[in-house]
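Fold and geometry: a report
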Amino acid sequence: MNNKKVAVIGAGIIGVTTAYELSLKGFKVTVFDKNQTCSEESSFANGGVISPGYITPWASPAIFKRLMQEQFAKHASILMHFPSLETLSWLGKSIKASKSERYWRHRQALQKLALMTQKRLKELVQSLGIEVEQSQGYNVIYRSERHLEMAKSSLPYLTDLGIPFQILDKEGLLQKEPALESDTPFSGAIHFPEDQIANCRQFALALRDEAEKLGVVFEFKSNVEPLSADNPKRLVVNSKPLFFDHVVVCSGIGSVKLLNQLSLPIPMTPVYGYSMTAIIKEPLDAPRCGILDEKYKVTISRQGNRIRVGGIMEFGGEPKAQSPKAIQTLYKVLEDWFPKATDMGQQIQVWKGARAMLPKGSPIVGQTPFDGLWLNLGHGSSGWATSCGSAQVLSGMMAQDIPDTDWLELALN
Ligand SMILES: Cc1cc2nc3c(=O)[nH]c(=O)nc-3n(C[C@H](O)[C@H](O)[C@H](O)COP(=O)(O)OP(=O)(O)OC[C@H]3O[C@@H](n4cnc5c(N)ncnc54)[C@H](O)[C@@H]3O)c2cc1C
């Protein structure tokens, strides 16, 4: 039992899973969040996809071509407002990180984390009796032959990692997803039988209860002020100073402000995304599991009696302003694949969230040059899929069960 006092800043999915794992290692954990409860920001209404088969860093060799091509299209997966100098410099770093060899290293690190998350999620759901809306299987649909062929070229790599998949033609996909609109043209799909959809927020709320049973204290409505370079283990919370043996920053996009006095190399930018959630009208007309429309990078998932459509990468713009073009793209993809799943006239919940994105597209998990200051942040597009895995890695490093050298791709550098 090490009994050291740890502050976790942030109660999104990363903070909650990290607090839980740290507590199992014997740390005395307090979680601070400025919101009223957990999972109120990026972890609120994400796509729910946990796909070790498909998970890829944002900075892929093909993405920049796509970014240029899509700016004038009616429907687009990437939206760019007039870019600031900061955004341009961030994109420059991203282009470097997308170079083939680095891309594959980052992709492998993400896949390892996603596989760990899947395993851990299953263990926790079973052992703790957590109820979470889940469905099994993920279909990545390619509208063009060229993109399907490109995707096929990376399949041997998945075989090496032991990730099962199946290439499907139209009939094969309709067997998996009988409600799919068969008139929408597509070239084929890759089916990942072990990948899954699960409700991130529901899990975070349930795991918070379990963490509390282990003694973790959650302090909500608690704003933490930017950490000081003199002593980052001294927190100022709602104007009150508090001292800890370790501090773990899991603050999503809020990490930028929290860490700005420490001069750490963390070039994080918000990349906004959208989701629409609606009640399913007729279950037989809805998806059975998860699909990704690869052209628009939009996911459609079933979460209990609701359908959720999510995606879009928006650079710049106001955090609260919703882009009509983004929402139209989500509607288009839903109508293309499951036009009868929901009543479009009913109340549809539209949500906009900020992905805390690093240029390389994989997170930072590990220690900083400041004694006792640790990071688990920058999970970008895949923080749900990397949550339980990164929490295990970080808690293992802090308890000195895992050497940092095992996870150099996630190190701060
Ligand atoms: C549209 C969309 C769809 C997505 N779909 C998927 C998906 O299908 N699968 C997937 O794996 N990922 C997906 N993601 C990404 C995923 O949602 C995020 O990576 C993940 O939620 C990040 O979790 P987090 O805990 O790091 O951040 P957050 O959930 O944002 O949590 C950070 C917390 O820190 C708190 N905080 C910040 N600063 C302070 C401060 N100074 N004091 C106190 N508290 C503070 C905030 O209040 C917040 O609660 C999606 C994202 C979007 C936007």
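Report follows, based on the coordinates. (Residues numbered from 1 in each chain as written. Predicted model: local features only at pLDDT ≥ 70, side-chain atom pairs only at ≥ 80, totals over all residues.)

Now for unusual backbone geometry. Phi is positive for Ser39, close to 65 degrees, though the residue is something other than glycine. Position of Ser39 relative to the elements: it lies in the loop between β2 (28–32) and β3 (49–50). Look at Ser39 and you get buried, because 24 C-beta atoms sit within 10 Å. For Ser263, which is not glycine, the phi torsion reads 50 degrees and is therefore positive. Relative to the assigned elements, Ser263 resides in the loop between α9 (255–258) and β12 (269–279). What makes Ser263 exposed here is the crowd of 9 C-beta atoms within 10 Å. (Helix = DSSP H or I, 4+ residues; strand = E, 2+ residues; numbered from the N terminus. Buried ≥ 20, exposed ≤ 12 C-beta atoms within 10 Å, placed from the backbone.)

Another point: the site of the ligand. Near the ligand there are 41 residues, and of these Gly12, Gly47, Gly254, Gly273 and Gly383 occur at the shortest range. Those elements that provide at least two residues to the shell around the ligand are α1 (13–24), β12, β16 (349–357) and α11 (383–398). When its residues are assigned to classes, the shell around the ligand shows 13 nonpolar, 23 polar and 5 charged. (Near = placed C-beta within 6 Å. Nonpolar A, V, L, I, M, F, W, Y, C, P; charged D, E, K, R; others polar.)

At their nearest, the axes of α1 and α11 sit 8 Å apart, and the two run at 35 degrees to each other. Along this stretch, α1 crosses α11, giving a crossing that reads as right-handed. Two secondary-structure elements touch here, α1 through Ile13, Ile14, Thr17, Thr18, Tyr20, Glu21 and Leu22 and α11 through Gly383, Trp384, Ser387, Cys388, Ser390, Ala391, Gln392, Leu394, Ser395 and Met398. In terms of residue class, the contact of α1 with α11 is made up of 9 nonpolar, 7 polar and 1 charged. (Axes fitted to C-alpha atoms, helices over the stretch in contact; angles between N-to-C directions. Left-handed = near helix turned anticlockwise from the far one by under 90°. Contact = placed C-beta atoms within 7 Å.)

With that out of the way, let us pick up the sheet that holds strand β11 (residues 246–249). Each strand in a sheet pairs with its neighbour through backbone hydrogen bonds, running either in the same direction (parallel) or in the opposite one (antiparallel). Spatial strand order, β8-β2-β1-β11-β18-β17: 6 strands in an open sheet with mixed pairing. Only two strands of the sheet have a single partner each, and these edge strands are β8 (217–219) and β17 (364–367). Taking each pair of neighbouring strands and ignoring which way they run, the sheet shows an average axis angle of 20 degrees. Both β11 and strand β18 (residues 373–377) contribute to a ladder of 3 bridges, which runs parallel. Directly across from Val248, in β18, lies its bridge partner Trp374. Packed onto the sheet, α11 meets β11, β17 and β18 and runs at close to 10 degrees relative to β17. (Pairing = 2+ DSSP bridges.)

Among the structural elements, Met268 can be located in the loop between α9 and β12. The buried category is assigned to Met268, around which 20 C-beta atoms lie within 10 Å. It is 31 Å that separates the C-alpha atoms of Met268 and Lys122, two residues lying 146 residues apart in sequence. Residue contacts for Met268: discarding those within four places in its chain leaves Ile253, Ser255, Val256, Ala356, Met357, Leu358 and Gly378.

With that out of the way, let us pick up the pairing of strand β5 (residues 134–142). As paired strands, β5 and strand β7 (residues 188–198) are joined by 8 bridges and run antiparallel to one another. Paired with Gln136 across the bridge in β7 is Gln196. Looking at chain direction, β5 and strand β13 (residues 290–293) are connected through 4 bridges and run parallel. Across the sheet, residue Asn139 finds its bridge partner in β13, namely Ile291.

The pairing of strand β9 (residues 234–237) with strand β10 (residues 240–243) spans 4 bridges and is classified as antiparallel. The residue of β10 that forms the bridge with Val236 is Pro241.

For the rest of this paragraph, the subject is the nonpolar core. Judged by nonpolar contacts, the single largest core of 106 residues is most densely connected at Val8, Ile9, Val16, Ala19 and Val249. The dominant element in this core, judged by the number of residues it contributes, is helix α4 (residues 100–128), at 8 residues. Those residues in contact with Ile9, other than ones at most four positions away along the chain, are Phe32, Val224, Val247, Val249, Cys250, Ser251 and Leu258. (Core = buried A, V, L, I, M, F, W, Y, C linked by C-beta atoms within 7 Å.)

Taking 1.5 Å of rise per residue, the 14 residues of helix α8 (residues 200–213) would be expected to cover 20 Å, and the 20 Å separating its terminal C-alpha atoms lies within 8% of that figure. For α8, the complete set of buried residues consists of Cys200, Arg201, Phe203, Ala204, Leu207, Arg208 and Ala211. All buried residues of α8 lie within an arc of 150 degrees about the axis, which places them on one face of the element. Residues of α8 that are exposed and angled more than 90 degrees away from the buried face: Asp209 and Lys213. (Expected span 1.5 Å × (residues − 1). Arc of directions from axis to C-beta.)

What follows covers α4. Owing to its 3.6 residues per turn, the α-helix aligns residues three or four sequence positions apart on the same side. Taking 1.5 Å per residue, 29 residues should reach 42 Å; α4 reaches 41 Å between its end C-alpha atoms and fits that length. The first or second residue beyond α4 is Gly129, which carries a positive phi of 65 degrees.

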